[in-house]
Amino acid sequence: MQERNYSKFLLTLFLTLLSLQVFSQSATIRGTVRSGTNLLSDASVRVGKTGTITNTQGVFSLTLNPGKYSITVSYTGYQTQYRNIQLNAGESVTADFDLELSNNLDEVVVLGSRATPRSQTETTVPIDVLDIKKLAGVGAQVNLNQILNFAAPSFTSNTQSLGDGTDHIDPASLRGLGPDQVLVLVNGKRRYNSALINVNGTFGRGSVGTDLNAIPVSSIERIEILRDGASAQYGSDAIAGVINIVLKKTVNKLSASVTYGGHNTKSNGQKFTDGQNIQAAVNFGLPIGNKGGYINFSGSFDDRKPTDRGGARTDAIYRRYPGGVDRTDSFLVATNTTRKDYSLMVGQSQYRSGQFSFNAAIPLSETATFYSFGGLGYRKGKSGGFYRLPNESRNILDIYPLGFLPYIGSDAYDRSFVTGIRGKVADWDVDFSNAYGQNQFDFSVLNSLNASLGKASPTNFYAGGPKFTQNTTNIDFSKGIDWLSGTNLAFGGEFRYENYQLRAGDQNSYANYGLARQVGVDGSGNPILVPDFSGTVNTLFGPDGSPRPGGAQVFPGFRPENAVNANRTAASIYADGEFNFTKAFLVNAAVRYENYSDFGSTTNGKISARYKLNKTFTIRASASTGFRAPSLQQRYYANTSTVFTSGVPAEVGTFPNDSRPAQLLGIPKLSPEKSKSVSLGFTGNLGKLKITLDGYYTKIDDRVIYTGQFTGSNAPGASPVDKEIYQLLSLANATGAAFFANALNTETRGIDLIISYKFKLGKGTLNADFAGNASKTNQVGPIHVSEKLIGKESTYFSNSSKVYLENAVPNTKANLALNYTINRFNIFLRNNYFGGVIEATNTIANQQFYAPKWVTDLSIGYKLSKVASITFGANNLLDIYPDKITIAGNSNSGNFIYSRSSQQFGFNGRYLFGRIDISL
């Protein structure tokens, strides 16, 4: 027994001495990374083949073997620093770094790789980094979509007009692809989509995007835009790329701004001062504890007034006046009105919004940190519809003697909450998180009526609306390995739950109270009718003899038959690696398996590489497969109404893919869109001059589109296809039906060019940045039609839908921005080029081309003191408008002066603004 204890003692002593010997042969390097007085957390520190990131206090620590090393420290928005150091055995060395602000293309990024960050000119795929604080400080734009639209040529977003709910949530595009083909992250975590699906005549028709404007600009530190397919790394939706929004972490600093502006412009010979917009924004951070914890709060309030660039009606205003007399001219004189008073409001909608967000981190130990971020938002919008003339069957003269202009109202609610813990476990960096997000979009109808209620009709209605909820749980592991010239391995998993609800409106928003059902006949043989809004007999007629329509005018509410509550789950696992075969040759590889509860599984992969030709020039390339799961909104959205033909009721509208009409017409269930992407790029780092040039090709199979209405006909002389469609729809008690379907293959080709130059000019500093994108999306191959609908390809995918896909937004965009800072002054000048677009109409002869335009922005800022500065300037300084409509068939009886369906940069004209910024 004593001999056994003695052996244990000797073994313990041996191991202790061995560990001491190993420890004595190693060395430690510690330090802090800051910029001035600001500690920089998550800064990248690379030493040889290994690396780490700083903690919330800006502190890093590495244990290495003795020797000579080169330390590289980098952080987004700051110049990378290098330092050589000698480490001796058993020595502990301190190395602190103070980083300076960088030129744009010197900035480092973490998007697109799970390894330590690297500069934009050294990444394997193209990535933009936008300093939102700088852009918001010098430009006229106050919401995120518009800031990106003018700053990043590969990104396109325009305010819509007469697009129902789309007037309130601007659809956005990356590299010419759809709003639902770009993934949005916040602090690297998946952001939830909008509940709203775009079903009207606008770009992005049939798609569901992410509402970037729900995120307060005051909360954002920077935005990273990965311009490459990334489904293998991040999952569904990342066909065009990924936008990562990084939130602020600053503490002990209060920043606030108030921006006010409005349009001062001349259009079609008339002067306008409208569209006033005021935004108040604030950001403030507090430290938590004394170990680098923080919580940062942001808020904003926006109030935007509408604009109107519509023309006066050219048709008869007061037609079908009682007595059969057209009193158009005498009516206008007697009522002291003009034809314009009975026209549309064509321009931006009005809204009022408030947003709040927070971002926090609390160190739990030296190797673990708890973090959380999220926000709340509310936006109330109002947009105009088409004018209802006085003596139409859609109007009640007792309520609106002069007719009325109805409005679509919206109440949008956003809620998000993310929590997580990141740290080290057995030398692996581990991140476990849960992200919850929800968007609710409620429709209301204002200044309208339900004609079937007669003069008893209310004028405001609740019309129902969609709600989308998403909960995503992630666990991610990554580790740097001393192999080759540096290797990083990562793997992880994700589980996502999604729920989509479509809620019915109030009964008076959709019902037709002029209907009745027959319960018998009286003694004279006349039918006995009982009021029943689900009946089959019309009892109310307008002055023109047509039946009074039911439902709220401009937007009949969703009916109980349309209501849905659907959900699904998606589980995925991924693995990726970054391999530095040499200091010059880097390869990234990724693979991801994803399984959806509603359609099955998909596996995608990606490989990308970068090779440094020398210290100045680099080439890079990538190839990947990708996918986009059809959204729940596309699967379950329905909006139907009852119409009468010869007194027989039937359903018409949009039906889900699992509905009876879809099954009868052979519309298949939705399946994922599948993509293949390749890119080839070149970068140059010539000191003060930085260049990146990247070309790309993306092929997407089975794109989901929103079809037109299939109606059919049983009339003599109708084609066999029309007769069959009519008979099939009648089996489902329907006369017209539209669907979402995988019906199209497309190809997109494009090129991105970015040039950045920073230099001293006199006593000041000039930053010059040029960015340009040219892309073209085309349909390839035939339309995938149901066998029963062969011959109806033009209904599946109409000429106007083709334009929305290919030419409704500029295929070419570019901007040259000059930012000159001298003493207390800052002068910002940007020229933006917007390529030509084509009118989206089914009549090919009316597809007018609108020529390219240049739009100039100018602002001048002055620093009043250490804490206050002011900025004045203009967006669209020279008051440029798109080409006017010259084809009468596109003008809607003179209402449209500029195209509302195809937009380059909007049609509101010059915008003047002023801003005051406070920083304490």
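Let me begin by describing the structure that accompanies this report. (Residues numbered from 1 in each chain as written. Predicted model: local features only at pLDDT ≥ 70, side-chain atom pairs only at ≥ 80, totals over all residues. Heavy atoms only, no water.)

1. Focus: the sheet that holds strand E7 (residues 81-87)
Stage number 1. In space, the four strands of this open sheet follow the order E4-E3-E6-E7, with antiparallel pairing throughout. Because the sheet does not close on itself, it has two edges, and the strands there are strand E4 (50-53) and E7. The sheet shows a mean angle of 20° between the axes of neighbouring strands, taken without regard to direction.
Stage number 2. By the bridge criterion, four bridges tie strand E3 (residues 44-47) to E4 in an arrangement that is antiparallel. Note on E4: the bridge partner recorded for valine 45 is threonine 52. (Pairing = 2+ DSSP bridges. Helix = DSSP H or I, 4+ residues; strand = E, 2+ residues; numbered from the N terminus. Axes fitted to C-alpha atoms, helices over the stretch in contact; angles between N-to-C directions.)

2. A word on the nonpolar core
Stage number 1. Among the nonpolar cores identified, the biggest contains 34 residues, and Ile132, Leu144, Leu148, Phe155, Ile223, Ile225 and Ile245 are the most heavily contacted of them.
Stage number 2. Per element, the largest residue contribution to this core is four residues, and it comes from helix H3 (residues 144-151).
Stage number 3. Ile197, Phe443, Ala552 and Ala738 belong to the second-largest nonpolar core, a separate cluster that totals 29 residues. (Core = buried A, V, L, I, M, F, W, Y, C linked by side-chain atoms within 4.5 Å. Buried < 20%, exposed > 50% of the residue type's maximum accessible area, 1.4 Å probe, protein only.)

3. Concerning empty space enclosed by the protein
Stage number 1. Space inside the second largest cavity adds up to approximately 420 Å³.
Stage number 2. Lining the second largest cavity are 23 residues, with Gln146, His263, Gln348, Asn875 and Asn908 sitting closest to its centre.
Stage number 3. Put simply, the parts of the chain that give the lining of the second largest cavity at least two residues each are H3 and strand E20 (270-288).
Stage number 4. Taken together, the residues that form the lining of the second largest cavity break down as eight nonpolar, 14 polar and one charged. (1 Å grid on protein atoms, 1.4 Å probe; cavity = no way out; pocket = protein on both sides within 12 Å on 5 of 7 lines; lining within 4 Å. Points joined across faces, edges and corners; volume = space filled by probe spheres on them. Nonpolar A, V, L, I, M, F, W, Y, C, P; charged D, E, K, R; others polar.)

4. A few points about helix H9 (residues 720-731)
Stage number 1. Helix length check: H9, at 12 residues, gives a terminal C-alpha distance of 17 Å against a target of 16 Å (1.5 Å per residue), a fit within 8%.
Stage number 2. Along H9, the positions that sit buried rather than exposed are Asp722, Ile725, Leu728 and Leu729. In an axial view of H9, the angular spread of the buried residues amounts to 130°, which keeps them on one side of the axis. In H9, the exposed residues that point more than 90 degrees away from the buried face are Pro720 and Leu731.
Stage number 3. Among the structural elements, helix H8 (660-665) and strand E39 (734-738) are those in contact with the buried residues of H9. (Expected span 1.5 Å × (residues − 1). Arc of directions from axis to C-beta. Contact = heavy atoms within 4.5 Å.)

5. Quick notes on the side chain of serine 679
Stage number 1. With respect to the secondary-structure elements, serine 679 resides in strand E37 (residues 673-686).
Stage number 2. A polar atom in the side chain of serine 679 sits 3.3 Å from the side chain of aspartate 228.
Stage number 3. Here serine 622 takes part through its side chain, which lies 2.6 Å from a polar atom of the side chain of serine 679. (Polar contact = N/O pair within 3.5 Å; in protein donor to acceptor, adjacent residues only side chain to side chain.)

Remember, this is a structural readout, not a statement about activity or role.
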